[in-house]
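Each chain, written out:
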Amino acid sequence: FFFGFVPGTMTSTMNLSGLQRNPNLNLHQEELKLGKEACLLEPWGHNMRDEDWLAGDRPSYWWTGKKPEDCPGFVDGVLVSLPLPNLNAGSYTRQSLLDYFDNTWTITEVLFSALQSEEPFFRPPYHQLRHPLVFYYVHPAALYVNKFRLAGLLDEPTNQIYEQLFETGVDEMSWDDMSKNCESWPTIRECTEYRRVVYKRVRKMLQTHPKLDGQAMSLKDDVYAVAMVFEHERIHIETTSVLMRELPVSLIKKPPQWPSIHPSAPADSSPSPVEGQDFPVNRFVGVAGGIVELGRGAEVDSFGWDNEFGSTEMNVQGFEAQEFLITNGQYWEFVRSGAYVSEEYWTPEGWGWRVFRNAKWPTFWVPDGPQGLHQYKLRVVFDIIPMPWAWPAVVNLHEAKAYCNWLAQKLQKPCRIPTESEHRLMRNASTRDKSNGPERDPVLGLRGDQFLEQGLANMNLGCSSEGAVNCGKPSSAGIYDSMGNVWVWCEDWFCPLDGFRVHHLYDDFSTPCFDGKHSVIMGGSFISTGNEASIHARFHFRPHFFQHAGCRVVIGEGSGTKRPSTTDQKSRREVSAAAALELEAKAERLMHQVVHLHYAGADRLAPPDAGLYPKRCAELVADLCSRLNVPTESLLDLGCSVGGTCFQFAQSFGSVMGIDLDEKAIKLAETVKSTGSSPYTYVEEGNLVTSTLAKAPECDRSRVKFLVADACCLPPDLGIYSVVFMANLIDRICSPKSVLGRMAGLKGVVQIGGLLVNVSSYTWDEAYTNEGAWLGGMEVNGQECKGVDGLRAALGDAFEYVEERDLPFSLREHARKYQYVVGHVTVWRRIA
């Protein structure tokens, strides 16, 4: 099944029509629809191929599974979400899984039927931080195949090209990272046909697999992959709806089978809202403190992502919380006052984002007149409507914190957003009582329309927008929308719970985001379905990212203290100021040790076979290329640290790219590149240090480039290289298989015939890599598995083993103390 598609990549990233401007800044968005001739001038325009069938309501050919009217969950002419399956023994049937699969699959196709013409499929988002929507149309289907093959539920690929091209999405990047490729994509008709074939294969497996007749599903079962792919697709239903909300409204049309917006939407609205009239007075209510258990322990009543398992107890102090989410009316006061564009209320990172985007109000507000009048309408997913002042303001974390800082000054009280543990205390107490069993999680029993009818929450796709904050019922704590309507930003960085383990079928779902750059969001939104609507859900995004998310204001000293546990992994915000300073000092000392390793000459007292490490790395690679007839055109140094090896490689290679996640290390490397040297100190004894310069060796430094990036989530447009060199990396990252997976395949960074050179001491440590993601250092099925065995398995048939050797080096702590490490070099040639 290749459907005639031949992959290719366009290298140009120039934007000819200013599409990096938020389309919601313009009330009249029809002019933002380019049309085919203008699209052809764009870097992605080569994907436009006269698919006129995509205009208007979709023909029957579009539906690759069940048509909406024949699909489970079709209620009163629209498709709503079914309840999340209970995975306990006897709690589900084969037919209920089939129904849930059909409901999931067809909701996706109804959502994508909103796209009118080819343009919205291929047009990149204005912020350039995500793939175009064609990727998300096919990605869930490709993941069904890949995860089912990994679990042993399917034997063969459906289309290997598609299952590589559409396999890996991109984590939302820094707000100023505009580096995105302009892919050549299959036609939408080819994509639709691929989805049709995958649907038939998946349904057949669900109909015939012997373990799907109501048996309990555990985390270790191969059939747990079934629930996993369902919930993965549902995540993308929500994130896709956000990307559609960011498109010009002229490119989309609400599908007739899609639920209507919330019934609280006004027919008209006041240009200048009044508190208590256009939006409710938002009073603070007291919330009692107590012990909060984060995580679901080991229970598997329903599907959960790896970050939900484990358990951490928090001792939470009492606090005050506003009973409602912050409304558009309240946020309008912040904007109208001029505080939104005043630096004093923003964090430094938040202000940098605001200035870069030139943001003057929330992203989904559409100006309805001159800026100074502050009159707005609201962009919902498919339409622009009169501003509903009583609806929650949809903002990113930077905007939420700026509002809290402004309100704190106004009230003279310490206002902030809640923590994850405080958010759980604001919910119904019954949801925290495990003795209530699975029934304490409403999404296991209710469709989306039933959530709304019972006033429990606006979630599970009962409607297609947020709604008035005072429409539902308050929780037992007196808080409205403690679940649903919009996600709520929390103070916490996303972090693992005590006892966290990666899941063997998706080892890089959470771990790349335990990086101090992703903030927790809680509670779900109107379009959160399945696991996302569960009381157990813990999700996360970067602070600049837009989701259907808002904020709530609380007043209190903090979330309490974490009880002692067997793990030392904590949210960065739980680290005290003194401890943070100590960690920073240790990091600084280690940085200078690494600089000395990369740039110093041979130390008199160092082990004689361990000196001049970068030089010996470069000589090793040059020798390999000479003996194996590998061209020395380009080299990628992954985990390059402070860059000393890169300059040594530049003596032999035409171009060298050094990548590391440590911004300070890359900054030093850039200084050496631009000036030839950088000052540093090394310890002689105690507090006695020597100041010197880290000097680049004789080479053409213009051949070297540096990039701050995560090896576990490499940029899609990184290119290909004659040699990829990885030293001391795979045992210091959260997901070794993620980086190894990018070595080959459609986006492989090693060219066919090129080399992967890995150097590692295999020092596996849970401080860096969760044990479940280790490549070696443990027993597998009663047999010893070492790092080289895991490397061989992860690289698969795409690489052949060439040779191995030892490569010692020493890390100088002070004049008479060195760490002596013997790196194990393995060399692999890409053959497929």
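Residues numbered from 1 in each chain as written. Predicted model: local features only at pLDDT ≥ 70, side-chain atom pairs only at ≥ 80, totals over all residues. Heavy atoms only, no water.

Focus: the sheet that holds strand β14 (residues 519–522)
Adjacent strands of a sheet pair through backbone hydrogen bonds, lying either parallel or antiparallel.
Working step 1: The strand order across the open sheet formed by four strands is β15-β14-β13-β16, and the pairing between neighbours is mixed. Each of the sheet's edge strands pairs with one partner strand only, and the pair in question is β15 (539–541) and β16 (549–550).
Working step 2: Bridge count between strand β13 (residues 487–493) and β14: three bridges; the pairing is antiparallel. Bridge pairing in β14 places Trp 493 opposite Ser 519. (Pairing = 2+ DSSP bridges. Helix = DSSP H or I, 4+ residues; strand = E, 2+ residues; numbered from the N terminus.)

Re the pattern of salt bridges
Working step 1: What the rule picks out here adds up to 27 salt bridges.
Working step 2: Close ionic contact of Glu 193 with Arg 196 constitutes a salt bridge, the shortest N to O distance being 3.3 Å. Note that Glu 193 and Arg 196 are positioned in helix α6 (residues 188–208) at a spacing of three residues, about one turn of the helix.
Working step 3: On the accessibility criterion, Glu 193 (25% relative accessible area) is partly exposed.
Working step 4: The closest approach of N and O atoms between Asp 603 and Arg 812, which form a salt bridge, is 3.5 Å. On the criterion of sequence distance, the pair formed by Asp 603 in the loop between α13 (577–599) and α14 (613–628) and Arg 812 in strand β28 (residues 799–814) is long-range, its members being 209 residues apart.
Working step 5: A relative accessible area of 23% places Asp 603 in the partly exposed class.
Working step 6: Overall, Arg 812 belongs to the buried group, its relative accessible area being 9%. (Salt bridge = Lys/Arg side-chain N within 4 Å of Asp/Glu carboxyl O. Buried < 20%, exposed > 50% of the residue type's maximum accessible area, 1.4 Å probe, protein only.)

Describing the confidence of the model for the chain
Working step 1: Taken over all residues, the pLDDT of the chain has a mean of 90, while the share at 70 or more is 93%.
Working step 2: Throughout residues 9–18 the model reports pLDDT below 50, and contacts reaching past four residues in sequence, or to other chains, amount to 20 contacts.
Working step 3: Confidence drops under pLDDT 50 across residues 560–576; counting only partners more than four residues distant or on other chains, this segment forms 36 contacts. (pLDDT = per-residue confidence, 0-100. Contact = heavy atoms within 4.5 Å.)

A closer look at the pairing of strand β22 (residues 688–695)
Working step 1: Sheet topology places strand β21 (residues 677–685) next to β22; eight bridges connect them, and they run antiparallel. The residue of β22 that forms the bridge with Pro 679 is Leu 693.
Working step 2: In this structure, the hairpin formed by β21 and β22 is closed by a connection of two residues, where Gly 686 is found at a positive phi of approximately 60°.

Details of the side chain of Arg 416
Working step 1: Take Arg 416: it is sitting in strand β12 (residues 415–416).
Working step 2: Side-chain polar atoms of Arg 416 contact the side chain of Glu 422, separated by 2.8 Å. (Polar contact = N/O pair within 3.5 Å; in protein donor to acceptor, adjacent residues only side chain to side chain.)

Observations regarding the layout of surface pockets
Working step 1: When its volume is computed, the second largest pocket comes out at roughly 570 Å³.
Working step 2: At the level of secondary structure, the elements contributing two or more residues to the lining of the second largest pocket comprise α7 (224–245), α9 (348–357) and β9 (365–367).
Working step 3: For the lining of the second largest pocket, a count of residues per class yields 16 nonpolar, nine polar and six charged. (1 Å grid on protein atoms, 1.4 Å probe; cavity = no way out; pocket = protein on both sides within 12 Å on 5 of 7 lines; lining within 4 Å. Points joined across faces, edges and corners; volume = space filled by probe spheres on them. Nonpolar A, V, L, I, M, F, W, Y, C, P; charged D, E, K, R; others polar.)

Considering the nonpolar core
Working step 1: Core analysis: the largest hydrophobic core is formed by 150 residues, its most contacted members being Phe 121, Phe 148 and Tyr 331.
Working step 2: The element best represented in this core is helix α4 (residues 133–151), accounting for 13 residues.
Working step 3: The contact partners of Phe 148, leaving out residues within four places of it in the chain, are Leu 143, Leu 153, Leu 154, Val 202, Met 205, Ala 225, Val 226 and Val 229.
Working step 4: Within the second largest apolar cluster, 46 residues are counted, among which are Cys 646, Leu 668, Ala 696 and Val 757. (Core = buried A, V, L, I, M, F, W, Y, C linked by side-chain atoms within 4.5 Å.)

A word on the sheet that holds β28
Working step 1: Judged by pairing direction, the sheet is mixed, and its seven strands sit side by side in the order β23-β20-β19-β24-β25-β29-β28 without closing on themselves. If you trace the sheet from one side to the other, it starts and ends with β23 (704–708) and β28, each paired once. Put simply, the sheet's adjacent strands are angled 20° from each other on average, direction ignored.
Working step 2: Where strand β24 (residues 721–727) lies against strand β25 (residues 750–760), six bridges are found, and the strand directions are parallel. Each bridged residue has a counterpart across the sheet, and for Val 724 the counterpart in β25 is Leu 756.
Working step 3: Most of the contacts of α14 go to β28, to which it runs at about 165°, and overall it touches β19 (634–638), β24, β25, β28 and β29 (817–830).
Working step 4: Helix α16 (residues 663–675) contacts β20 (655–660) and β23 of the sheet and is inclined by roughly 160° relative to β23. (Axes fitted to C-alpha atoms, helices over the stretch in contact; angles between N-to-C directions.)

Things to note about the state of the cysteines
Working step 1: Under the definition given, this model contains zero disulfides.
Working step 2: A disulfide-free cysteine, Cys 71 has its sulfur positioned 19 Å from the sulfur of Cys 463, the nearest such atom.
Working step 3: With a relative accessible area of 5%, Cys 71 lands in the buried category.
Working step 4: Cys 734 provides the cysteine sulfur closest to Cys 712, a residue in no disulfide bond, and the two sulfurs are 3.8 Å apart. (Disulfide = S-S within 2.5 Å.)

Examining the side chain of Gln 330
Working step 1: Looking at the secondary structure, you find Gln 330 in helix α8 (residues 328–336).
Working step 2: Every residue in contact with Gln 330, bar those within four places of it in the chain, is listed here: Phe 279, Asn 282, Gln 322, Leu 325 and Tyr 403.

Comments concerning the packing of aromatic side chains
Working step 1: Inspection of the entire model under this criterion finds 56 aromatic pairs.
Working step 2: Aromatic pair Trp 305 and Phe 509: ring centres 3.9 Å apart, planes at 5°, arrangement stacked. Of the two residues, Trp 305 sits in the loop between β6 (290–297) and β7 (310–316) while Phe 509 sits in the loop between β13 and β14, which places them 204 residues apart along the sequence.
Working step 3: On the accessibility criterion, Trp 305 (2% relative accessible area) is buried.
Working step 4: Residue placement shows Arg 189 over the ring face of Trp 53; its charged tip is 4.7 Å from the ring centre. (Phe/Tyr/Trp six-rings, centres within 6.5 Å; stacked < 30°, edge-to-face > 60°. Lys NZ or Arg CZ within 6 Å of the ring centre and 35° of its normal.)

Structural notes on empty space enclosed by the protein
To find leftover empty space, one rolls a probe the size of a water molecule over the atoms.
Working step 1: Counted according to the given criterion, the structure contains nine cavities of 30 Å³ or more.
Working step 2: Counted as a void, the largest cavity has a volume near 150 Å³.
Working step 3: Of all the secondary structure elements, the ones that give two or more residues to the lining of the largest cavity are α13, α14 and β28.
Working step 4: In terms of residue count, α13 provides more of the lining of the largest cavity than any other element does, three residues in total.
Working step 5: The residue inventory of the lining of the largest cavity, partitioned by class, reads nine nonpolar, five polar and two charged.

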